[in-house]
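A look at the structure
Residue-level listing of the chains:
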Amino acid sequence: MATSNAQPLTQELLARGHSPDSASRIYSDKIQYRPLYLRANSPPPSVNARAARRKARDDKNRKRKSQKPKPLSASQRRKLGLYDVPKSAQKYAVFEPLRQLWIGYMREVLGSHLYTGGPACAAKLCAAEYHGAEVEVTRSACPSRVGIKGIVVKDSRFAFEIVTPKNAMKLVPKEGTMFRLHIPAPEQDIGAADSTTTTPADADKKEDETATKINGFTFEILGDQFQYRSADRANRKFKAHFLKKI
């Protein structure tokens, strides 16, 4: 509300531009009983309102971010053992369902190349995921590694962590090691191969094809070419070049 001290000044200013009757009427109708609202949180005229709102918003976001915990570093994650498989879970039977999922995944990835192979199949195998794959060490620079067989539990950059059928965890370095993997054919293909009747003349011609359908697809990978994290290997293009024989 306007104070009584301000009324004489207001009326004097109105009298300068209007007649006494008009000044009195304007004052009584538009000024005398008009409320004056004051906002205590309004910025002072000297401060830019837009800059003040932006600063208040930034302060709020900064406070919100400071309340979030910082992510753990790699050394802290290793110290806490977040990536370690507990002793109670180091069993082959625990990861058997994961192996079945991997077989279905590889059948979808390879498609018809499951029976034909070729360069296109090799490109898909290079970018594939191997968590859950059952691998067997066929050749290695360290003879004691040959024969290790099991399901890949962890595919790190430089090694495969494998759980064996005897419920033992093995850390097998990729360097200088050759791994063999087998993808069995779907059951419907196996049944179709078994039920196919052939004449003696066609027996030799279809023998290799029937064996391929029954046995599925077996391939070997050189660990030196897989010394990358699985996420990085998915987008990496491998080039054919000479490799030293193990």
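Our structure is the block above this text.
Presented here is a report on the structure given in the accompanying data block. (Residues numbered from 1 in each chain as written. Predicted model: local features only at pLDDT ≥ 70, side-chain atom pairs only at ≥ 80, totals over all residues. Heavy atoms only, no water.)

1. A short note on the packing of aromatic side chains
Taken as a whole, this structure holds 4 aromatic pairs when the rule is applied. Between F160 and F179, the aromatic rings sit 5.0 Å apart at their centres with planes inclined by 80°, giving edge-to-face as the arrangement. Highlighted residues: F160 in strand β3 (residues 159-163) and F179 in strand β5 (residues 177-183), separated in sequence by 19 residues. Here the two residues F160 and F179 agree in accessibility, since each one is buried. Each residue in the set W102, Y130 and F226 is aromatic and connected to the rest through ring pairs, giving one cluster. The side chain of K174 reaches across the aromatic face of F160, ending 4.8 Å from its centre. (Phe/Tyr/Trp six-rings, centres within 6.5 Å; stacked < 30°, edge-to-face > 60°. Helix = DSSP H or I, 4+ residues; strand = E, 2+ residues; numbered from the N terminus. Buried < 20%, exposed > 50% of the residue type's maximum accessible area, 1.4 Å probe, protein only. Lys NZ or Arg CZ within 6 Å of the ring centre and 35° of its normal.)

2. Observations concerning the pattern of salt bridges
As enumerated under the stated definition, the model contains 8 salt bridges in all. In this structure, D59 and K55 form a salt bridge, with 3.2 Å as the shortest nitrogen-oxygen distance. Linking D59 with K55, this pair stays in helix α3 (residues 49-67), spanning 4 residues, or about one helical turn. Between R99 and E96 there is a salt bridge, with its nearest N and O atoms 2.7 Å apart. Separated by 3 residues within a single helix, R99 and E96 lie in helix α5 (residues 96-110), roughly one turn from each other. If you follow the salt bridges from partner to partner, you end up with K55, D59 and R62 in one network. (Salt bridge = Lys/Arg side-chain N within 4 Å of Asp/Glu carboxyl O.)

3. A closer look at helix α2 (residues 20-31)
With 12 residues, α2 extends 15 Å from end C-alpha to end C-alpha; this agrees with the ideal 16 Å at 1.5 Å per step. All of the buried residues in α2 are A23, I26 and Y27. Mapping the buried residues of α2 onto a view down its axis gives an arc of 100°, with all of them on the same face. Exposed residues on α2 whose side chains face more than 90 degrees from its buried face are D21 and D29. (Expected span 1.5 Å × (residues − 1). Arc of directions from axis to C-beta.)

4. Thoughts on the environment of A93
Looking at where A93 falls in the secondary structure, it is placed in the loop between α4 (74-80) and α5. For A93 and V163, which are 70 residues apart along the polypeptide, the C-alpha to C-alpha distance reads 9.7 Å.

5. Remarks on the environment of K87
Within the fold, K87 resides in the loop between α4 and α5. Residue classification places K87 among the exposed residues on the basis of a relative accessible area of 71%. Sequence-wise, K87 and A168 are 81 residues apart; in three dimensions their C-alpha atoms are separated by 9.7 Å.

6. What to know about the nonpolar core
Formed by 24 residues in total, the largest nonpolar core has its most connected members in Y130, L181 and I183. Every element with two or more residues in this core is listed here: α5, α7 (119-126), β1 (134-140), β3, β5 and β6 (217-222). In terms of residue count, the dominant contributor to this core is α5 (4 residues). Non-local contacts of Y130, meaning those with residues more than four positions away in its chain, are made with W102, L125, V152, D155, F160, L181, F219, I221, F226 and R233. Ranked by size, the runner-up nonpolar core spans 6 residues in total, among them Y92, I151, V153 and V163. (Core = buried A, V, L, I, M, F, W, Y, C linked by side-chain atoms within 4.5 Å. Contact = heavy atoms within 4.5 Å.)

7. Side note on the pairing of β1
Two elements, β1 and strand β2 (residues 149-155), share 3 bridges in a ladder whose sense is antiparallel. The partner of E134 across the bridge, within β2, is I151. (Pairing = 2+ DSSP bridges.)

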